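Here are the chains, one letter per residue:
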Amino acid sequence: MDFTFTEEQQAAVEAARAVFAGVAPDGVPSPALTAGAVADDFDRTLWAKLADADLLSLLLDARHGGAGLDAVALCLVLRESAKVLARVPLLESTAAAVTVQTYGGEELKADLLARAGRGEVVLTVAANGRTGHDGAELAVTARPEGDLWALDGMQTAVPWAQNADFVLVPALSSDSGRSVLAVVPRVHEGVLLAEQFSTTGERLGELRLDSVRVPARDVIDADGAWESLRDLLATGTCALALGLGEGVLGMTSEYTSKREQFGFPVATFQAVAVQAADRYIDLRAMEATLWQAAWRISSGAGGALPASGDIAVAKIWASEGVRRVVQTAQHLHGGIGADTDYPLHRYHAWAKHLELSLGPAAAHEETLGDLLAAHPLG
């Protein structure tokens with residue numbers, strides 16, 4: 001295991017930093033200042049810049065106009081995006097596209113991938129199921145009908161659903177009992193989309209499917225497709241949590257170095273320094289477990305547990321760590337931490353969303369326990 005990043009991965013980070021340098025967290029719409037949704041759409045201007053920098057096609061093969069990089073490179077870019085609260089479906093669209101590339105048919109690849117890499121088509125994933133607790137594939141039933149598949153069910157909290165062009169919907173095949181992935185247009189007969197909201201104030205979608213029929217070529221029934229997509233989404237969420245936490249700790253360090261009490265910067269007080277040090281340790285643990293998970297799914301390397309075990313560990317640290325980081329930041333900032341003229345409250349709202357996305361720490365602790373029971377160590 002080598003956590004040294006390649007030249008290509010480092011180049012992706014530099015490109016991401018150049019794009020995100022123009023994003024001001026102070027300008028991100030605040031859920032504390034807006035009734036209802038903070039915006040009708042994601043940041044299309046930033047989306048176009050990401051496309052121009054070839055960051056939307058990062059994981060796609062050269063024949064689809066991409067760079068052919070791996071999950072580690074994607075996580076590096078996501079980490080940078082979260083530091084500035086970038087309002088773009090980078091994780092969802094990229095993860096969906098690479099899943100189509102790996103498991104989809106040639107016709108589906110030709111129709112979607114090059115356009116997705118150029119930012120012309122936006123993809124998202126319905127990964128939360130009906131309640132957010134049970135597997136998303138259990139929330140929808142798919143049944144083959146000749147050259148079509150019929151879909152019935154409901155998925156909640158679909159990110160960016162109101163503005164995506166296609167939603168990848170996991171479902172359980174009534175024919176085989178296996179999970180499949182259906183590529184469903186947002187605007188389609190039988191598709192109903194109700195508005196929901198995240199703690200960030202961004203719009204989510206409650207996706208209802210009432211006998212929705214899609215061509216068989218738009219249904220991916222390869223073994224492991226949904227599991228691979230879910231693993232990449234969870235790992236990418238850990239990268240977002242790490243980037244957000246690093247951004248928040250940097251803000252806290254700067255503030256406590258300038259804020260004085262009794263004639264001294266509060267950063268010099270032992271109680272403040274110890275709390276900041278604890279959060280730094282959280283971030284380093286989040287980072288180590290993230291790269292372990294990203295390396296496992298990128299390399300296919302074996303281990304004492306399946307890769308899903310490393311992903312569960314990473315998500316446990318990401319969920320608990322990012323919560324502790326923003327809570328400590330609020331405490332060390334004092335009253336200004338809750339001031340809506342200061343960006344920290346936005347980070348707090350985004351951290352809560354990331355903490356719960358694809359399951360809180362407790363859900364992944366349960367997953368890890370099941371894996372340990374099935375694969376005893378030593």
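Structure shown above.
Criteria and thresholds
Residues numbered from 1 in each chain as written. Predicted model: local features only at pLDDT ≥ 70, side-chain atom pairs only at ≥ 80, totals over all residues. Heavy atoms only, no water. Buried < 20%, exposed > 50% of the residue type's maximum accessible area, 1.4 Å probe, protein only. Helix = DSSP H or I, 4+ residues; strand = E, 2+ residues; numbered from the N terminus. Arc of directions from axis to C-beta. Contact = heavy atoms within 4.5 Å. Polar contact = N/O pair within 3.5 Å; in protein donor to acceptor, adjacent residues only side chain to side chain. Salt bridge = Lys/Arg side-chain N within 4 Å of Asp/Glu carboxyl O. Axes fitted to C-alpha atoms, helices over the stretch in contact; angles between N-to-C directions. Nonpolar A, V, L, I, M, F, W, Y, C, P; charged D, E, K, R; others polar. Pairing = 2+ DSSP bridges. 1 Å grid on protein atoms, 1.4 Å probe; cavity = no way out; pocket = protein on both sides within 12 Å on 5 of 7 lines; lining within 4 Å. Points joined across faces, edges and corners; volume = space filled by probe spheres on them. Phe/Tyr/Trp six-rings, centres within 6.5 Å; stacked < 30°, edge-to-face > 60°. Core = buried A, V, L, I, M, F, W, Y, C linked by side-chain atoms within 4.5 Å.

Caption draft 1: Highlighting helix α2 (residues 44-52). Among all positions in α2, only Leu46, Trp47, Leu50 and Ala51 are buried. The buried residues of α2 occupy one face: seen down the axis, they fall within an arc of 145°. Facing away from the buried side of α2, by more than 90 degrees, are the exposed residues Thr45 and Asp52. Turning to α2, the residues buried within the fold contact α1 (7-20) and α4 (90-103). At the N-terminal boundary of α2, the capping side chain belongs to Asp43, with an oxygen 3.3 Å from the backbone nitrogen of Thr45. Positioned one or two residues after α2, Asp54 has a phi angle of 60°, which is positive.

Caption draft 2: How the structure looks around the pattern of salt bridges. With the rule as written, the count across this model stands at 30 salt bridges. Asp111 is paired through a salt bridge with Arg217; the nearest N and O atoms lie 3.3 Å apart. Linking Asp111 in helix α5 (residues 106-117) with Arg217 in the loop between β7 (203-215) and β8 (219-220), this pair joins segments that are 106 residues apart in sequence. Classification of Asp111 as partly exposed rests on a relative accessible area of 27%. For Arg217, a relative accessible area of 30% puts it in the partly exposed group. Across the pair Arg284 and Glu287 runs a salt bridge, and its minimum N-O distance is 2.8 Å. Here the residue Arg284 and the residue Glu287 both occupy positions in helix α7 (residues 270-299), the gap between them amounting to three residues, near one helical turn. With a relative accessible area of 26%, Arg284 lands in the partly exposed category.

Caption draft 3: Layout of the packing of helix α3 (residues 71-83) against α7. Orientation of α3 relative to α7, taken along the N-to-C sense of each, is 145°, at an axis distance of 8 Å. Residue-level inspection shows Ala71, Val72, Cys75, Leu76 and Arg79 of α3 in contact with α7, the latter providing Arg284, Glu287, Leu290, Trp291, Ala294, Trp295, Ile297 and Ser298. Partitioning the contact of α3 with α7 into residue classes produces nine nonpolar, one polar and three charged.

Caption draft 4: Main features of the pairing of β7. Taken together, the nine bridges between strand β3 (residues 148-159) and β7 define a ladder with antiparallel strand orientation. Note that in β7 the partner of Trp149 across the bridge is Val214. Inspection of the sheet shows strand β6 (residues 191-197) paired to β7 by seven bridges, in the antiparallel sense. Looking at the pairing, Ala194 lines up with Glu206 of β7. Taking the residues between adjacent antiparallel strands as the criterion, β6 and β7 are bridged by five residues, where Gly201 takes a positive phi near 90°.

Caption draft 5: The layout of surface pockets, seen in detail. The computed volume of the second largest pocket comes to approximately 360 Å³. Among the secondary structure elements, those contributing two or more residues to the lining of the second largest pocket are α4, α6 (225-258) and α7. Tallying contributions element by element places α4 first for the lining of the second largest pocket, with five residues. Here the residues of the lining of the second largest pocket are counted per class, giving nine nonpolar, five polar and three charged.

Caption draft 6: Seen up close, the packing of aromatic side chains. This model, assessed by the stated rule, comprises three aromatic pairs. Between Phe5 and Trp291, the ring centres sit 5.2 Å apart and the planes meet at 70°, which makes this aromatic pair edge-to-face. Here Phe5 is found in the segment before α1, whereas its partner Trp291 is found in helix α7, with 286 residues between them in sequence. Taking relative accessible area as the criterion, Trp291 reaches 4% and is therefore assigned buried. Where Phe42 meets Trp47, the ring centres are 5.5 Å apart and the plane angle is 65°; that geometry is what we call edge-to-face. When its relative accessible area of 3% is taken as the criterion, Trp47 is described as buried. Ring pairing ties together the aromatic residues Phe42, Trp47 and Trp160, which thus form one cluster.

Caption draft 7: Quick peek at the nonpolar core. Counting residues in each nonpolar core, the largest one holds 90 residues, and the members touching the most others are Phe20, Leu50 and Leu244. With 16 residues, the single largest contributor to this core is α6. Those residues within four positions of Phe20 in sequence are excluded, and the remaining contacts are Leu46, Leu50, Val77, Glu80, Ser81, Val84 and Ala86. Ala142, Leu207, Leu209 and Val219 belong to the second-largest nonpolar core, a separate cluster that totals 19 residues.

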